[in-house]
Amino acid sequence: MHDLRGHRAYADGAFRWAAAGAAALVLLILGLIFITITSRSLPVFHQMGLSFFTTSRWSPADALFGALAFIWGTAFTALIALAIAVPISLGMALFMTQVAPPVIKKPLVYLTDLLAGVPSVVFGLWGVLVLSQHFGLGRSFLTAGIILAIMIVPIITSLSREVIETTPPGDKEGALALGATRWEMIGAAVLPHSAGGLVGAVMLGLGRAMGETIAAALVIGSALGQLTLSPLAPGNSMPAVIANEWGEADALHKSALIALAVTLFVITIIVNLAATAIVQRSMRKGQGS
Amino acid sequence: MTKTTIWASALAVLAFASTPAAFAAGATLNGSGSTLSKPYQETAIEEFKKANKGVTLNYGGGGSGKGRQDLADMVVDFAGSDSPYKEADLAKIKGGDVLYFPILLGPITVSYNVDGVSKLQLSAETIAKIFQRDIKKWNDKAIAADNPGAKLPDLDIVVAHRADGSGTTQNFTEYLNGAAKGVWKLKSGSTVEWPADTQAGQGNGGVAQIVKSTKGAIGYVDLSDAKASGLKYAAVKNQAGKFVEPTTSAASAAGDGIEVKSNLLFSALNAKGDKAYPITCQTWVIVYAKQTDKAKGEALKAYLKFLVKDGQKLLGEIDYAPLPASLQDKAVKQLEKIQVP
């Protein structure tokens, strides 16, 4: 008996160390990536200073690198994508969980998950051939936004669906018992319960939309210095610039592209931290009521 | 099971021993770089392998800049590049001195899509004004002046250029920088500051696609992609004042008028000669002078010799121009500088 327990304790310890090691490895890799890319981006900050973030003239020939228009382009396309994807995703998630009979629900869930598995370059090529040429949208912020929306719908939908499904049946039945219609029940029981999780799902979609590279590079238009609110104008985003210009870039130009990567990295971390904070706050509020 | 494997490997060894190839079996050469010369590399590799079965050759493309970087980092055995290393990058080359072997000349067309205009002539100044958006209509005075008697429509010009950094952009803008001095303002580089009201496509194929599908479009596309997409292209005014169409023979004529340095570097842009097409670019294969592996070094020398001499006859079929004979001989002679252990 004693032997057995000793053995078990040993296994427990080994497991704890292995798990902790794996967790530490993630942090280590993240840290190393951050250190490497930051150090390699220093030459451009040395040259440009903070004007890297505040100007939008990007001219490798003049050794001028201002990223403002690309930062704007990243935000603008991601916002267009969210504006399109959020209502669709929430609608789909609510339909699957509250309205559809199981016969329809199952294939629908399967299809949305399938959509999430389509490689982004396929969406990009479809965007070039169908959206920009066949429908005459050209290459623009809007075209990129639509493609990004299609790409993030599956993620937001499937996360939202899982969050909504955690609504206690008692809450829903209570609302219905009080004479609420299905619509009122969703408004009174389902949405308040899942608000935090839904925001988290949307934020994760936002993170993916901002980081998407190939599809954006293909349809965004690659125009420089576009600080515009017009969705039909061609523009550029940070990952698209990196993908397009990396191959032929020389020393300082490469450093500027790496600086774009650092900027994107930091913004993504901020978005994710904000998402976590919002989710946690709403959960605490949920427990309070 | 084990016995059969042994027999199989024994047979394989016998098979290798009986091939006529002069090289040790298993010499693998990897290259990357210039996409302009990729069709030639692929055709040449296929032909070269027929006679040299023991050698495995791969050419990955990826762009001239990637090729130069890969060679500098010693991840490939040779790089294809449309331009030489820059001074600033020389210090980063890990494997010592490099040698440049020119392998082909290629015309860059100025392709356009205007109904009813089947012949178009353009001078460097006009091309510069079109691509930097000083001229926005096809019936502009400057275009009319290059095309006496032609009927030009009142149509908006749509400029198409590369979205990705590219050796083609580098050569095209370098040409305008030199030939349209004082007019061209966007400088030269693998990417330049194109005005925002222009369109961008990925690769030569992407630009060709925009030109093909957009009325009034104009873009710079290499000859083989322009032909593959069935585009119309302009005759461009050369140094001698003649309008010359982009053809492989006009690119070869450009090769006759160039000044080649002792390290075989040159620029075929804006070359002298009545028949020379002025926007002609070139590709080099770059290798290390000091090879560290005997089998690889020998195979590399043989492949280079094929590229600069025997393989040159393959170029015409894929719409590139061979090097002038004198340059081929210089390149063959430079092979002696490759040191194999």
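Engineer: It is not clear to me how the interface of chain A and chain B should be interpreted in this structure. Could you clarify?
Structural biologist: Tallying the contact residues gives 20 residues for chain A and 26 residues for chain B. Looking at the side of chain A that touches chain B residue by residue, the classes come out as eight nonpolar, eight polar and four charged.

Engineer: For this particular structure, what's the right way to read helix α10 (residues 248-256) of chain B?
Structural biologist: An α-helix turns once every 3.6 residues. As a result, residues three or four positions apart point the same way. Residues and elements named next belong to chain B. Among the nine residues in α10, seven count as buried, and that is most of the element. Of all the residues in α10, the buried ones are T248, A250, A251, S252, A253, A254 and G255. The elements touched by buried residues of α10 are β4 (98-112), β11 (243-244), β12 (280-288) and α12 (325-334).

Engineer: What is the right way to look at the pairing of strand β2 (residues 55-62) of chain B in this model?
Structural biologist: A regular strand carries its side chains on alternate faces of the sheet. All names here are of chain B. Relative to β2, strand β1 (residues 27-33) runs parallel, the two sharing six bridges. Among the inter-strand pairings, G31 is bridged to a residue of β2, identified as Y59. Assessed by its sense of winding, the connection that carries the chain from β1 through helix α2 (residues 38-51) to β2 is right-handed.

Engineer: Even after reading the chapter, I still don't get the nonpolar core, so can you show me in this structure?
Structural biologist: Soluble globular proteins tend to pack their nonpolar side chains together in the buried interior. In this structure, F78(B), V110(B), I127(B), L176(B), V211(B), A254(B) and V285(B) are the most contacted members of the largest nonpolar core, which totals 82 residues. Among all residues touching V285(B), those that are not within four sequence positions of it are F78(B), G80(B), F101(B), I103(B), L304(B) and L307(B). In terms of nonpolar packing, the next biggest core, distinct from the first, is built from 73 residues, A67(A), F76(A), L148(A) and A189(A) among them.

Engineer: Would you mind showing me how to read the pairing of strand β3 (residues 78-81) of chain B here?
Structural biologist: Residues and elements named next belong to chain B. Side chains F78 and G80 of β3 all project onto a buried face; the interleaved residues A79 and S81 project onto the opposite face, where all are buried too. Pairing geometry for β1 and β3, over three bridges, is parallel. In the sheet register, G33 faces β3, and the bridge partner there is G80. Sheet analysis places β3 next to β12, joined by three bridges and oriented antiparallel. Following the sheet pairing, G80 is matched in β12 by V285.

Engineer: Explain the confidence of the model for chain A to me, please; I cannot follow it from the model alone.
Structural biologist: Keep in mind that low pLDDT regions are not for reading the predicted coordinates in detail. The predicted model of chain A averages 89 in pLDDT, with 94% of residues at 70 or higher. Model confidence for chain A, summarised as mean pLDDT per element, is weakest for helix α11 (residues 251-288) of chain A at 82 and strongest for helix α3 (residues 68-99) of chain A at 95.

Engineer: What am I meant to see in unusual backbone geometry here?
Structural biologist: Excluding glycine, a negative phi dihedral is what most residues carry, and trans is how most peptide bonds are arranged. All names here are of chain B. A positive phi angle is found at N270, which is not glycine, with a value near 55 degrees. In this fold, N270 is placed in the loop between α10 and β12. According to the C-beta neighbour criterion, N270 is buried, with 23 such atoms within 10 Å.

Engineer: Is there a simple way to think about helix α8 (residues 203-213) of chain B in this case?
Structural biologist: If you check which residues of α8(B) are buried, you get N204(B), G206(B), V207(B), A208(B), Q209(B), I210(B) and V211(B). Close packing links the buried residues of α8(B) with β4, β6 (158-162), α7 (167-179), β7 (199-201), β8 (217-222) and α9 (223-228) of chain B.

Engineer: Is there a simple way to explain the sheet that holds strand β5 (residues 121-122) of chain B in this structure?
Structural biologist: Across a sheet, paired strands are connected by hydrogen bonds in the backbone, their directions being either parallel or antiparallel. All names here are of chain B. In space, the three strands of this open sheet follow the order β5-β10-β11, with mixed pairing throughout. This sheet does not close on itself; its edge strands, each paired only once, are β5 and β11. Looking at chain direction, strand β10 (residues 235-237) and β11 are connected through two bridges and run antiparallel. Within the sheet, the bridge partner assigned to K237 lies in β11 and is F243.

Rules used throughout
- Residues numbered from 1 in each chain as written.
- Chains lettered and ligands numbered in written order.
- Predicted model: local features only at pLDDT ≥ 70, side-chain atom pairs only at ≥ 80, totals over all residues.
- Contact = placed C-beta atoms within 7 Å.
- Nonpolar A, V, L, I, M, F, W, Y, C, P; charged D, E, K, R; others polar.
- Buried ≥ 20, exposed ≤ 12 C-beta atoms within 10 Å, placed from the backbone.
- Helix = DSSP H or I, 4+ residues; strand = E, 2+ residues; numbered from the N terminus.
- Pairing = 2+ DSSP bridges.
- Right-handed = clockwise from strand over helix to strand, strands pointing away.
- Core = buried A, V, L, I, M, F, W, Y, C linked by C-beta atoms within 7 Å.
- pLDDT = per-residue confidence, 0-100.

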